[in-house]
Amino acid sequence: MGYAPSPRPTFSEPTHRPYASVTRHLWGDPEAGEVADWIYVSSAAIHHIVFGLAPGGWFRHSDSFRTIFAADELLYVVSGEMILSNPQTGEVHLIRKGEAAFFRRDTWHHAFNQSSELLKVSEFFSPPPSQGTSGAYAQTKPNLTLSRYGQDEALGRWPMERAAIEAAQTIRVLRDSDLLWRREGSALVGLYASTEYLTAGRIHLQAGQRSDVHAHGGDESLLLLEGTLNIHCPEKEGQQWFELTPQDGFYVPAGARHQYYNMTGQPVTALFGVAPKYLT
């Protein structure tokens, strides 16, 4: 299949995105590999998908599908294990379920399923494709003709010069110990990354807890990982109270007030991305 822009589901008000109705998309070719996308939202501010790779699957790049974009990207492994590499620098990173990776614009990247199950990865991407930052931008970059999968320059220097080697890397692997924590109402919020374009992290609610009523200075997309999450949108016309189960998403446009509730006895964990500004 040749390159074609992916669908861009966009909404003007807070919107529940049940997993069963999330937009599906398949892309790739024999050289780049084949990738299944679940597209939760692709607004003028944020692009949020989950991509899937079958066991033994991968995506690299081809002339038609160049994996280098003008955006900040946060990738979180929902299931399976992922090898993420920068084929230009030779970086290779192993990212397990519940871990994340972050990189900035102009970073070549390849991904490989390192597990025997479906690899599913939640991706927050900003500035989004609607701003010309994805496939159209990639076609303006020279194609990478040689892919490296190892940092030969680190041989003979590891781990003695680990700090210098890691400081030069373009991809950051982020685990629980790397989160920047905040308390918002009774909700615990951990940030993986916060830049001028994108803030992405996790929200945790224990039994009976709720967040503050709040709004963001950018569009928000959320993916529920565990538990049952209720969301109240007090200023929305029509339905204001929503219930999410795992793999459901929710979109909140910039400035829309909303509040998260855990009405059950089980913990709630959700991923979120906000672009461009977290605070109003």
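For the structure, check the block above.
Residues numbered from 1 in each chain as written. Predicted model: local features only at pLDDT ≥ 70, side-chain atom pairs only at ≥ 80, totals over all residues. Heavy atoms only, no water.

Novice: Just to check I follow, could you spell out the pairing of strand E14 (residues 187-194) for this structure?
Specialist: Two faces, one strand: in a regular strand the side chains alternate between the faces of the sheet. Most of E14 is tucked away: six of the eight residues are buried. Sheet analysis places strand E13 (residues 180-184) next to E14, joined by five bridges and oriented antiparallel. Looking at the pairing, arginine 183 lines up with leucine 188 of E14. Bridge count between E14 and strand E15 (residues 199-205): six bridges; the pairing is antiparallel. By the bridge assignment for E15, serine 194 is matched with threonine 199. In this structure, the hairpin formed by E14 and E15 is closed by a connection of four residues. (Buried < 20%, exposed > 50% of the residue type's maximum accessible area, 1.4 Å probe, protein only. Helix = DSSP H or I, 4+ residues; strand = E, 2+ residues; numbered from the N terminus. Pairing = 2+ DSSP bridges.)

Novice: What's the story with the layout of surface pockets in this structure? I'm lost.
Specialist: Regions of empty space are outlined by a rolling probe, equal in size to a water molecule, passed over the atoms. Of the pockets and cavities examined, the largest pocket occupies roughly 390 Å³. Among the secondary structure elements, those contributing two or more residues to the lining of the largest pocket are strand E8 (91-95), helix H2 (162-167) and strand E12 (172-174). Residue composition of the lining of the largest pocket, by class: seven nonpolar, five polar and five charged. There is about 200 Å³ of room inside the second largest pocket. Tyr76, Val77, Val78, Lys97, Gly98, Leu223, Leu224, Leu225, Glu226, Pro246, Gln247 and Thr269 together form the lining of the second largest pocket. For the lining of the second largest pocket, the secondary-structure elements that each account for two or more residues are strand E6 (72-79) and strand E16 (219-226). For the lining of the second largest pocket, the element with the most residues is E16, which contributes four residues. (1 Å grid on protein atoms, 1.4 Å probe; cavity = no way out; pocket = protein on both sides within 12 Å on 5 of 7 lines; lining within 4 Å. Points joined across faces, edges and corners; volume = space filled by probe spheres on them. Nonpolar A, V, L, I, M, F, W, Y, C, P; charged D, E, K, R; others polar.)

Novice: How do you make sense of the packing of aromatic side chains when you look at a structure like this?
Specialist: The relation between two aromatic rings is expressed through the spacing of the ring centres and the mutual angle of the planes. Within this structure, the stated rule accounts for 11 aromatic pairs. Note on tyrosine 19 and tryptophan 38: the rings are 6.4 Å apart at their centroids and 25 degrees apart in plane angle, and the pair reads as stacked. Highlighted residues: tyrosine 19 in the loop between strand E1 (15-17) and strand E2 (23-29) and tryptophan 38 in strand E3 (residues 33-42), separated in sequence by 19 residues. Tyrosine 19 sits in the partly exposed class, given a relative accessible area of 22%. For tryptophan 38, a relative accessible area of 11% gives the class buried. In this structure an aromatic cluster arises from ring pairing among Trp27, Phe51, Phe59 and Phe65. When the ring centre of tryptophan 58 is taken as origin, the NZ or CZ atom of arginine 60, which lies over that ring, is 3.7 Å away. For lysine 120, the ring lying beneath its charged end belongs to tryptophan 38, and the centroid distance is 4.2 Å. (Phe/Tyr/Trp six-rings, centres within 6.5 Å; stacked < 30°, edge-to-face > 60°. Lys NZ or Arg CZ within 6 Å of the ring centre and 35° of its normal.)

Novice: Got a minute to help me understand the sheet that holds E1 in this structure?
Specialist: Whenever strands of a sheet pair, they do so through backbone hydrogen bonds, lying parallel or antiparallel. Within the open sheet, the seven strands sit side by side as E1-E19-E16-E21-E15-E14-E13. Their pairing is antiparallel. The open sheet terminates on both sides in strands that have one partner only, identified here as E1 and E13. Neighbour-to-neighbour, the strand axes of this sheet turn through a mean angle of 25 degrees, independent of strand direction. Both E1 and strand E19 (residues 249-252) contribute to a ladder of three bridges, which runs antiparallel. Along E19, the bridge assignment pairs threonine 15 with tyrosine 251. (Axes fitted to C-alpha atoms, helices over the stretch in contact; angles between N-to-C directions.)

Novice: I keep staring at the sheet that holds strand E20 (residues 259-261) and nothing clicks. Help me out?
Specialist: Sheet architecture is open: three strands sit in the order E18-E17-E20, paired in antiparallel fashion. Two strands bound the open sheet, and with one partner strand each, they are strand E18 (241-244) and E20. With strand direction ignored, the average angle separating the axes of adjacent strands in the sheet is 25 degrees. Of the strand pairs in this sheet, strand E17 (residues 229-232) and E20 are connected by three bridges, and their pairing is antiparallel.

Novice: Can you walk me through the environment of arginine 17 in this structure?
Specialist: On the secondary structure map, arginine 17 appears in strand E1. For the pair arginine 17 and tyrosine 251, spaced 234 residues apart in sequence, the C-alpha separation works out to 7.4 Å. Residues within four places of arginine 17 in sequence aside, it is in contact with Pro9, Phe11, Val22, Thr23, Ile39, Tyr40, Asp248, Gly249 and Phe250. (Contact = heavy atoms within 4.5 Å.)

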